[in-house]
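# Structural overview
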Amino acid sequence: MTQVADFVKQQGFSDADSASCSARYPALMFQPRVVLVLVLAGILMQSATFFFALSVLLAWNALFPRLNPFDHLYPALFSRGAKSVVAPPPRRFAQAFAAVFMYGIGLLLFGGYKLYAWVLEGLLMLALIALVFGNFCMGSFIYHAIRGVLPKRS
């Protein structure tokens, strides 16, 4: 449970305890898991338009956290009656960070720079794999590092 609590704290939920983490963790991981699948589809398609659309979706989530479709979809599908929680700044920063990456991939694909797009796609996949399988969010880590306050690991 320690790794889960550390992840929840890294996302900006400082009140993380074992009871809140067991409910919050699956909801927090829903968006990254869906995005991982979507990014894999984008890599296979090598579509600039697809990456632009993903970029807009994640930018929307960062700019309008109360309107994040993932945060409303998860409770509707998996935990009836649960309320969606507005993403704290570290999580929104991570979403914006991913949006910028995806926009860059879209620009590179649109411009015909496939080799450079592959490099960014590889870096994005590494970050998503670390997030989904290792509970380490690069975007949230960068947010905390910029602020000079890295969350303490349990």
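Further up the page is the structure itself.
In this text the structure is predicted, and so the values were computed from the model without any measurement.

Looking only at helices and strands, one finds seven helices and zero strands in the protein. Along the protein, helices (α) and strands (β) appear in the sequence α-α-α-α-α-α-α when read from the amino end. For the protein, the C-alpha radius of gyration of 16 Å lies close to 15 Å, the compact-globule estimate for 154 residues. Referenced to the eigenvectors of the C-alpha coordinate spread, the extents of the protein come out at roughly 50 × 35 × 25 Å. Within the protein, the proportion of its 154 residues that are buried is 40%. The long-range fraction of contacts in the protein, counting pairs at least 24 apart against all pairs at least 6 apart in sequence, stands at 63%. Roughly 8500 Å² of accessible area belongs to the protein as shown, and the carbon and sulfur atoms make up 71% of that amount. Across the protein, the 12 positively charged side chains and the 5 negatively charged ones have centroids separated by 3 Å.

With that out of the way, let us pick up a nonpolar patch on the surface. On the surface, Trp60, Leu63, Phe64 and Leu67 cluster together into a nonpolar patch covering about 420 Å² of accessible area. With respect to the element layout, Leu63 can be found in helix α3 (residues 48-63).

In this structure, Cys137 sits in the loop between α6 (114-134) and α7 (138-147). Linking Cys137 and Ala59, residues 78 residues apart in sequence, is a C-alpha distance of 17 Å. Those residues in contact with Cys137, other than ones at most four positions away along the chain, are Phe7, Gln10, Gln11, Ala94 and Leu131.

The subject of this paragraph is the environment of Arg91. As for its position among the elements, Arg91 is in helix α5 (residues 89-111). Overall, Arg91 belongs to the buried group, its relative accessible area being 5%. Counting along the chain gives 56 residues from Arg91 to Val35, while the straight-line C-alpha distance between them is 14 Å.

What follows concerns the packing of α3 against α5. Between α3 and α5, the least distance of the axes is 8 Å, while the angle of their chain directions is 160°. Here α5 runs roughly antiparallel to α3, going by the angle between their axes. Once α3 is placed against α5, the crossing between them reads as left-handed. Together, Ala48, Phe51, Phe52, Leu54, Ser55, Leu58, Ala59, Asn61 and Ala62 of α3 and Arg92, Gln95, Ala96, Ala98, Ala99, Met102, Tyr103, Ile105, Gly106, Leu107, Leu109 and Phe110 of α5 make up the contact between the two elements. Looking at the contact of α3 with α5 residue by residue, the class counts come to 16 nonpolar, four polar and one charged.

Reading guide: rules and limits
- Residues numbered from 1 in each chain as written.
- Predicted model: local features only at pLDDT ≥ 70, side-chain atom pairs only at ≥ 80, totals over all residues.
- Heavy atoms only, no water.
- Helix = DSSP H or I, 4+ residues; strand = E, 2+ residues; numbered from the N terminus.
- Rg over C-alpha atoms; globule rule 2.2 N^0.38 Å.
- Buried < 20%, exposed > 50% of the residue type's maximum accessible area, 1.4 Å probe, protein only.
- Contact = heavy atoms within 4.5 Å.
- Areas by Shrake-Rupley, 256 points an atom, 1.4 Å probe, with all protein chains shown as cover.
- Lys, Arg positive; Asp, Glu negative; His and termini not counted.
- Charge placed at Lys NZ, Arg CZ, Asp CG, Glu CD.
- Patch = residues over 30% accessible without salt bridge, like charges linked within 9 Å, V, L, I, M, F, W, Y side chains within 5 Å.
- Salt bridge = Lys/Arg side-chain N within 4 Å of Asp/Glu carboxyl O.
- Axes fitted to C-alpha atoms, helices over the stretch in contact; angles between N-to-C directions.
- Parallel < 35°, antiparallel > 145°, perpendicular 65-115°, else oblique.
- Left-handed = near helix turned anticlockwise from the far one by under 90°.
- Nonpolar A, V, L, I, M, F, W, Y, C, P; charged D, E, K, R; others polar.

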